[in-house]
Amino acid sequence: MFSTLRFFEGFCLAGIVLSLYALRIELCPPGHRFMITMVASFIEMAGQFLMPGLAALCRDWQVLQAVIICPFLLWVIFPESLRWLMATQQFEASKELILQFTHKNRMNTESDIKGVVPELEKEIARRPKKVCIVKVVGTRNLWKNIVVLCVNSLTGYGIHHCFAKSMMGHEAKMAITHNFYADYYTMAGIALASCLAMCPVVGFLGRRGGLLLFMILTALASLLQLGLLNLIGKYSQLPDSGMSDSVKDKFSTAFSIVGMFSSHAVGSLSVFFCAEITPTVIRGGGLGLVLASAGFGRLTAPIMELHNQKGYFLHHVIFACCTLICIICILLLPESKNQNLPENIPDGEHYTRQPLLPHKKGEQPLLLTNSELKDYSGLHDSAAVSDGISENTTANGMKSM
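Note that the structure is a prediction, hence the values are computed from the model and not measured. (Residues numbered from 1 in each chain as written. Predicted model: local features only at pLDDT ≥ 70, side-chain atom pairs only at ≥ 80, totals over all residues. Heavy atoms only, no water.)

Enquirer: How do you make sense of the overall build of the protein when you look at a structure like this?
Expert: Within the protein one finds 15 helices and 0 strands. Relative to its full complement of 401 residues, the protein shows a buried share of 36%. Taking as baseline every contact in the protein between residues at least 6 positions apart, the subset at least 24 positions apart corresponds to 74%. Split by element, the accessible area of the protein, about 24,200 Å² in all, is 66% carbon and sulfur. (Helix = DSSP H or I, 4+ residues; strand = E, 2+ residues; numbered from the N terminus. Buried < 20%, exposed > 50% of the residue type's maximum accessible area, 1.4 Å probe, protein only. Contact = heavy atoms within 4.5 Å. Areas by Shrake-Rupley, 256 points an atom, 1.4 Å probe, with all protein chains shown as cover.)

Enquirer: Any chance you could explain helix α1 (residues 2-27) here in plain terms?
Expert: Each α-helix winds once per 3.6 residues, and so residues spaced three or four apart point in a common direction. The terminal C-alpha atoms of α1, which comprises 26 residues, lie 37 Å apart, in line with the 38 Å expected from a rise of 1.5 Å per residue. Those residues of α1 not exposed but buried are Leu18, Tyr21, Ala22, Leu23, Ile25 and Glu26. (Expected span 1.5 Å × (residues − 1).)

Enquirer: Can you help me understand the packing of α1 against helix α2 (residues 33-58) in this one?
Expert: Helix-helix packing is described using two parameters, namely the angle between the two axes and the distance between the axes. Remark: α1 packs on α2, axes separated minimally by 9 Å, with the N-to-C direction vectors making an angle of 145°. Between α1 and α2 lies a crossing of right-handed hand. Together, Tyr21, Arg24 and Ile25 of α1 and Arg33, Ile36, Thr37 and Ala40 of α2 make up the contact between the two elements. Its residues placed into classes, the contact of α1 with α2 shows 4 nonpolar, 1 polar and 2 charged. (Axes fitted to C-alpha atoms, helices over the stretch in contact; angles between N-to-C directions. Left-handed = near helix turned anticlockwise from the far one by under 90°. Nonpolar A, V, L, I, M, F, W, Y, C, P; charged D, E, K, R; others polar.)

Enquirer: Please explain the packing of aromatic side chains as it appears in this structure.
Expert: To describe a pair of aromatic rings, one takes the distance between the centres and the angle between the planes. Overall, the coordinates contain 6 aromatic pairs when judged by the stated rule. Relative to Tyr185, the ring of Tyr184 lies with its centre 5.6 Å away and its plane at 85°, an arrangement referred to as edge-to-face. Take Tyr185: its relative accessible area is 33%, and that puts it in the partly exposed class. Put simply, the rings of Phe7, Phe8 and Phe11 touch in pairs and so form one group of aromatic residues. Directly above the ring of Tyr21 sits Arg24, whose terminal nitrogen or CZ lies 4.9 Å from the centroid. Cation over ring: Arg298 sits above Tyr157, and NZ or CZ is 4.3 Å from the ring centre. (Phe/Tyr/Trp six-rings, centres within 6.5 Å; stacked < 30°, edge-to-face > 60°. Lys NZ or Arg CZ within 6 Å of the ring centre and 35° of its normal.)

Enquirer: Please clarify how the pattern of salt bridges should be interpreted in this entry.
Expert: Opposite charge on two side chains permits pairing when their charged atoms draw close. Applying the stated criterion to the full structure yields 4 salt bridges. Salt-bridge contacts for Arg283 lead to Glu26; the nearest nitrogen and oxygen are separated by 3.0 Å. Taken together, the residues Arg283 in helix α11 (residues 283-306) and Glu26 in helix α1 connect sequence positions 257 residues apart. On the accessibility criterion, Glu26 (9% relative accessible area) is buried. (Salt bridge = Lys/Arg side-chain N within 4 Å of Asp/Glu carboxyl O.)

Enquirer: Honestly, the side chain of Gln225 in this entry has me stumped. Any pointers?
Expert: Among the secondary structure elements, Gln225 is positioned in helix α9 (residues 180-236). Given the relative accessible area of 6%, Gln225 is considered buried.

Enquirer: I keep staring at the packing of α2 against helix α3 (residues 61-69) and nothing clicks. Help me out?
Expert: α3 packs onto α2 with a crossing angle of 130° between their chain directions and a minimal axis gap of 8 Å. Put simply, α2 runs oblique to α3. Here the hand of the crossing between α2 and α3 comes out right-handed. Only Val63, Leu64, Val67 and Ile68 of α3 make contact with α2, whose side of the interface consists of Met51, Leu54, Ala55 and Cys58. (Parallel < 35°, antiparallel > 145°, perpendicular 65-115°, else oblique.)

Enquirer: Explain the environment of Thr155 to me, please; I cannot follow it from the model alone.
Expert: With respect to the secondary-structure elements, Thr155 resides in helix α8 (residues 142-168). Setting aside residues no more than four positions away along its own chain, Thr155 makes contact with Phe319, Cys322, Thr323 and Cys326. A polar side-chain atom of Thr155 sits 2.8 Å from the main-chain carbonyl oxygen of Val151. (Polar contact = N/O pair within 3.5 Å; in protein donor to acceptor, adjacent residues only side chain to side chain.)

Enquirer: Help me understand a nonpolar patch on the surface, please; the structure alone is not making it clear to me.
Expert: A grouping of Leu74, Trp75, Val76, Ile77 and Phe78 is seen on the molecular surface, where their side chains present a nonpolar patch of about 550 Å² in accessible area. Position of Phe78 among the secondary structure elements: in the loop between α3 and α4 (82-87). (Patch = residues over 30% accessible without salt bridge, like charges linked within 9 Å, V, L, I, M, F, W, Y side chains within 5 Å.)

Read these as spatial facts, not as claims about activity.
Below, the structure written as structure tokens:
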């Protein structure tokens, strides 16, 4: 019974995390989405640092469980996302929510809303139009973006366990610490440092550039740990090498810290990236796929424990190969920095891949922008383009003979 209830508790917590993430993204303006997400991450890190002390104060696990669940009671004060209601054509609920906001903010309904309510009243008769995530299969670009971010999320969270086991040792003799609290706070400190580093990196390089940088760091740390450490291990066995196993352990610890640092950023950015490029009508489904991929990546940790760490090296090699594939795939993603959230699937299709580096002044870009794609409607008649073009001028500007 206890295990069943714990399963349903984790099942519900996953839905709460997904709903909070989507609601937070939809409430924020384009220029503040990443900042608010990082503030939420720092609050999460604060809870992680305070958890051992809270457990020591409560002592009984029933009391600790009740204390942890109490903040979720604040969920009842959160309104439904107005953006999602409008995108799914639930105009009656949208009208009630707008009137509720105007009443709480003491706004004048007739002058401040500027005819929004009458327009909604005209559309109330329309039936709500909810979209299933399966509709993504028929798109051209959107499904590729979601699949790439799912693979990134799986790789980031999966290889994070490999670095953690390497740092603390997949055998007891290789552990750098024998204290549970020291190991716990070491992991939490690396995650906090990763969140701090994401703020300037993503602010300067953008979503795609930041994700690419952290994935490259993860791949380098993984490949160096797999290749260089084996070379050092073979070289240290020579009688005149003068190199001990402690040197190998130090290198392994350094690469593991760098790998944990960058892989945590990869996983977090993949989830945030998906929330921005997925349309509002299916944002919950897209986020669910990426978070499910992250959970599957975490699932590899207990699988390795069940097999008594057999195949640990192959497990790390597979994820290291996945990082190389992800580096190539990230280049295919669009850039969503300072862009409005897509509301429906056609809007999501307009998110096209942009050059990683901005083109120089006076240089013609190779890729069209979103506005150019929306305004492009094919070739026009030469007479409608300009009155000064003569009738015998061809499309490329040459005189006809």
